[in-house]
Amino acid sequence: MFGNTYSWATVITCIILTVCVGLVVIGGLKRIAKVSEIVVPFMAVLYVVFVLIIMVTHITEIPAALATIVKSAFTGSALAGGAMGTMIVAMQKGIARGIFSNEAGLGSAPIAAAAAVTKEPVRQGLVSMTGTFIDTIVICTMTGISVVLAGSWNDPNLEGVEITMAAFQKGLPFPPAIASFVLMICLVFFAFTTLLGNCFYCDNLLIYIHKKQQGKAFMKGFRLVSALAIFLGAGMEMSLLWDLSDVLMGVMALINIPVILILSGIAFKAIQDYEVQLKQGINPVFKSADIGLRQKTDFWR
């Protein structure tokens, strides 16, 4: 499974990650939520702070960096590359990595949003949208600017996370070892919380499919299998993981996007009802009957 390119350090890391995730998910949904509430804000703040340090210490170079980004996207060389298929490949990679980052259109993030306690689904939908905005527009833009400021984007020998690692090493006013350690911590927390989130999704899907909470023995067995899958996945070749991820997320989008279009009429009615209540100066409370929804709903009847 691990091949010749993996060291014992990789195997040990896989074991530690599997054990840590297993200890959390065995505790069920409440433990997953409790751990995520602590880890996710810490991870996000830590990463944003260090990216801001890079930007602030190179603040006079930011206009030139933005100009480089725009010129690289619209200059003749980029357009010529697009004519030969380079642009198509770049767009495919960009869309795939963007979806991997924010899950927009996949139908997975709403599982977490649906667990929120609220009297108005439109309000929760707006909150969920801010997550995509912060992830893609704010954090990814800051990362891109930092990569350009440090010059690591133009190194043909770097690929993937190595580009960001080099940007941290060159851009932060700290020794390279400290910069690398900071990014490593952020990546570890990101991977850890992503795995917890996916286990949370699986638990909720099982409850939805069976219309009830499964027995404790079944759920513990399922969570142990999930932890084992993490160990197996952590030892796979990176190229295979990315290809598998792209294919499966594409399948999810192909299933989910048509459903979104089918339900869009109901969504627009719910938004209009929400806005009407706001204009009336009342705290919006959603009831399915107010928008003429005849289908039986689990909540907001």
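Here the structure is shown first, and the text comes after it.
Here the residue numbers are simple positions, counted from 1 along each chain's written sequence. Given that the model is predicted, a residue must reach a pLDDT of at least 70 before its local features are reported, and side-chain atom pairs must reach 80 or more before they are shown or counted; all residues, however, enter totals for whole chains, interfaces and linings. Only heavy atoms go into the side-chain values, all of them from the structure, while hydrogens and water stay out.

Moving on: the overall build of the protein. Counting its secondary structure elements, the protein contains eleven helices and zero strands. When the helices and strands of the protein are read in sequence order from the N terminus, they spell out α-α-α-α-α-α-α-α-α-α-α. For the protein, buried positions account for 29% of its 301 residues. The contact definition used throughout considers only heavy atoms, calling two residues in contact when any of these lie within 4.5 Å. The long-range fraction of contacts in the protein, counting pairs at least 24 apart against all pairs at least 6 apart in sequence, stands at 69%. Every helix listed is a DSSP run of H or I at least four residues long, and every strand listed is a run of E at least two residues long, numbered separately from the N terminus. With a 1.4 Å probe rolled over the protein chains alone, any residue whose accessible area is under 20% of its type maximum counts as buried; one over 50% counts as exposed, and the rest are partly exposed.

Moving on, we come to helix H11 (residues 238-279). Its 42 residues place the ends of H11 only 52 Å apart at the C-alpha level, less than the 62 Å of an ideal helix rising 1.5 Å per residue. The principal kink in H11, of about 50°, is found at leucine 263. Turning to H11, its buried residues are Ser245, Asp246, Met249, Ala253, Asn256, Ala270, Asp273, Tyr274 and Gln277. Count one or two residues on from H11 and you reach glycine 281, which has phi positive near 75°. One fewer than the residue count of a helix, multiplied by 1.5 Å, yields its expected span. Note on bend: the value at a residue is the angle between axes fitted to the seven residues ending there and to the seven starting there.

Turning our eyes to something else, we now look at the nonpolar core. We call a set of buried Ala, Val, Leu, Ile, Met, Phe, Trp, Tyr and Cys residues a nonpolar core when their side-chain atoms join them within 4.5 Å. Tyr47, Phe50, Val51, Met55, Leu149, Phe168 and Leu172 are the most contacted members of the largest nonpolar core, which has 18 residues in total. Sorting the residues of this core by element identifies helix H2 (29-57), helix H3 (62-74), helix H7 (121-150) and helix H9 (176-210) as the ones contributing at least two each. Here this core takes six residues from H2, the largest share from any one element. Beyond its immediate chain neighbours, meaning those up to four positions away, phenylalanine 168 contacts Tyr47, Phe50, Val51, Ile54, Ala179, Val182 and Leu183.

So, on to the side chain of serine 108. Among the secondary structure elements, serine 108 is positioned in the loop between helix H5 (86-102) and helix H6 (109-113). Judged by relative accessible area, serine 108 falls into the buried class, the value being 9%. Among all residues touching serine 108, those that are not within four sequence positions of it are Glu103, Tyr201 and Met252.

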